[in-house]
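# Architecture at a glance
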Amino acid sequence: MSAGRVVVVGSANVDLVVDVPRHPAGGETILGGELRRTPGGKGANQAVAAARAGGADTTFVGALGRDDSAELLLGSLVGADVRTDAVERVDSPTGTALITVSPDGENAIVVAPGANAHVRIGAAQTERIAAADVVLAQLEIPLDTVVAAAGARRDGALFVLNAAPSRELPDEVWDQLDVLVVNEHEAADLAGASAEPESLAAALLARVPAVVITLGARGSLVAERDVLAVRVPAAPVEAVDTTGAGDTYCGVLAAALARGAGLAEAARLAGAAGALAVTRPGAQDAVPRAADVAALAERLAEETGKA
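Criteria and cut-off values
- Residues numbered from 1 in each chain as written.
- Predicted model: local features only at pLDDT ≥ 70, side-chain atom pairs only at ≥ 80, totals over all residues.
- Heavy atoms only, no water.
- Pairing = 2+ DSSP bridges.
- Helix = DSSP H or I, 4+ residues; strand = E, 2+ residues; numbered from the N terminus.
- Axes fitted to C-alpha atoms, helices over the stretch in contact; angles between N-to-C directions.
- Contact = heavy atoms within 4.5 Å.
- Core = buried A, V, L, I, M, F, W, Y, C linked by side-chain atoms within 4.5 Å.
- Buried < 20%, exposed > 50% of the residue type's maximum accessible area, 1.4 Å probe, protein only.
- 1 Å grid on protein atoms, 1.4 Å probe; cavity = no way out; pocket = protein on both sides within 12 Å on 5 of 7 lines; lining within 4 Å.
- Points joined across faces, edges and corners; volume = space filled by probe spheres on them.
- Nonpolar A, V, L, I, M, F, W, Y, C, P; charged D, E, K, R; others polar.
- Arc of directions from axis to C-beta.
- Expected span 1.5 Å × (residues − 1).
- Left-handed = near helix turned anticlockwise from the far one by under 90°.

## Thoughts on the sheet that holds strand β12 (residues 210-214)
Spatial strand order, β4-β1-β9-β10-β11-β12-β13-β14: 8 strands in an open sheet with mixed pairing. The open sheet terminates on both sides in strands that have one partner only, identified here as β4 (57-61) and β14 (227-232). Neighbour-to-neighbour, the strand axes of the sheet open up by a mean angle of 15 degrees, direction not taken into account. Examined bridge by bridge, strand β11 (residues 179-183) and β12 share 5 bridges and lie parallel to one another. Paired with V179 across the two strands is A210, which belongs to β12. Packing of helix α4 (residues 143-151) onto the sheet brings it into contact with β1 (5-9), β9 (134-137) and β10 (158-162), and relative to β10 it is tilted by some 160 degrees. Helix α6 (residues 184-191) rests against β11 and β12 of the sheet, and its axis sits at about 115 degrees to β11.

This is the structure in structure tokens:
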């Protein structure tokens, strides 16, 4: 199969990360570790993952300020062989995420969108999207930009939405979706009720042809209309930092779909990539290489086959 062409439309942030003994309660001040400044943002993370861990020909569509943070992000994207000619520079500060990470690897994040509020689909972005096999977006950018990106794809290309952070989706978004990727909390928000993953998936399939619900250490659930849902197990790893692991998952999923893989197989590769990502600190810095992802996915498949 070919490498496939992926266009990721989304956010780019500089992550300001502090390790903490625990996440503070409201009104509480605690002492943390050293401040780390690393490249992040859901869209940029997913683009790096699609290119580095997924091996896809990847373009990032986003917006950056005219500041040092933008240069840090561009350097990370280019270093991962992501095309950045569709990135626009705007007169707003580059997006920033404030992240605390507890000893078990769990994080708490606050995002100041900055330039991400100005991501748009112009002529150059439309041309690149029209050549893609898969268009991947998230919800840290304006919804009308998400709709425009979906509408710019060619016939036969897939539109994959990682509906994070959680928010209500208008009909214009639902109508464009081919694959929805959410965690359990986001799935419950969109379905309007808490339930088991299989029930959530069934409810969401009324609006979208295919759903992937990520379940952290429990793997993921892949559900498609008129097909039996599949549970994809996770690799047992020791988590160091979960920041960006879900983005790594989404980027590799999109890359595998762009190569023509089925959704369940794409989820297996994505799960292996996400597992490797949590064993390292950072977001884009933690994205693994394609060869390591393939090796772990193959080992997991062999172990599952023996079980």
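## With respect to the nonpolar core
Core analysis: the biggest nonpolar cluster contains 55 residues, and V6, F60, V181, L253 and L263 have the highest contact counts within it. When near neighbours in sequence (up to four residues on either side) are disregarded, V181 contacts V160, L161, N162, A163, V212, T214, Y249, C250 and L253. Core analysis: the next-biggest nonpolar cluster, separate from the first, contains 42 residues, A149, L169, V182 and I213 among them.

## As for the layout of surface pockets
Here the largest pocket is characterised by a volume of approximately 1400 Å³. When contributions to the lining of the largest pocket are tallied by element, the ones reaching two or more residues are β2 (13-19), α1 (42-53), β7 (95-101), β8 (107-112), β11, α6, α8 (245-258) and α9 (263-277). Among the elements that take part in the lining of the largest pocket, α8 stands out by supplying 5 residues, more than any other. Looking at the lining of the largest pocket, its residues break down into 23 nonpolar, 18 polar and 9 charged.

## Things to note about the environment of V252
Here V252 shows up in helix α8. By relative accessible area, V252 is classed as buried at 3%. Sequence separation between V252 and G114 is 138 residues; the distance between their C-alpha atoms is 27 Å. Residues contacting V252, with those up to four places away along its chain left out, are A49, A50, A53, G54, L269, A270 and A273.

## Some words on α4
Among the residues making up α4, those that are buried are L143, T145, V146, A149 and A150. Across the axial projection of α4, the buried residues extend over an arc of 155 degrees, all falling on one side. Its buried side turned inward, α4 meets β1, α3 (123-130), β9, β10 and α5 (171-174).

## Regarding helix α2 (residues 68-79)
When the terminal C-alpha atoms of α2 are compared, their 17 Å separation across 12 residues agrees well with the 16 Å that a helix rising 1.5 Å per residue should span. For α2, the complete set of buried residues consists of S69, A70, L73, L74, S76 and L77. Projection of α2 onto a plane perpendicular to its axis shows the buried side chains occupying an angular sector of 160 degrees, all on one side. Along α2, exposed side chains directed more than 90 degrees from the buried face belong to D68 and G79. Contact partners of the buried residues in α2: β2, β3 (35-40), α1, β4, β5 (63-64) and β6 (88-89).

## Section: unusual backbone geometry
What is expected of a backbone is that most residues other than glycine have negative phi and most peptide bonds are trans. The omega torsion of the bond from A164 to P165 falls at -5 degrees, within 30 degrees of zero and hence cis. Relative to the elements of secondary structure, P165 occurs in the loop between β10 and α5. Residues other than glycine seldom take positive phi values, yet D81 does so here, at roughly 65 degrees. Take D81: it is sitting in the loop between α2 and β6. The phi torsion at D226 lies on the positive side, around 65 degrees, for a residue other than glycine. With respect to the helices, strands and loops of the structure, D226 is situated in the loop between β13 (220-224) and β14. D226 gets classed as exposed once you look at its relative accessible area, which sits at 86%.

## A word on the packing of α8 against α9
Remark: α8 packs on α9, axes separated minimally by 8 Å, with the N-to-C direction vectors making an angle of 145 degrees. In the packing of α8 onto α9, the handedness of the crossing is right-handed. Of α9, the residues touching α8 (which contributes A245, T248, Y249, V252, L253, A256 and L257) are L263, A266, A267, L269, A270, G271, A273, G274 and A277. Residues of the contact of α8 with α9, tallied by class, amount to 13 nonpolar, 3 polar and no charged.

## Let's talk about the environment of I129
As for its placement among the helices and strands, I129 is situated in helix α3. Taking relative accessible area as the criterion, I129 reaches 0% and is therefore assigned buried. With 18 residues separating them along the chain, I129 and V111 place their C-alpha atoms 26 Å apart. With residues near it in sequence (within four places) discarded, I129 still touches V7, V9, I121, V135, A149, A152 and R153.

Note that every value here comes from positions in space, so none of it alone points to a role or purpose.
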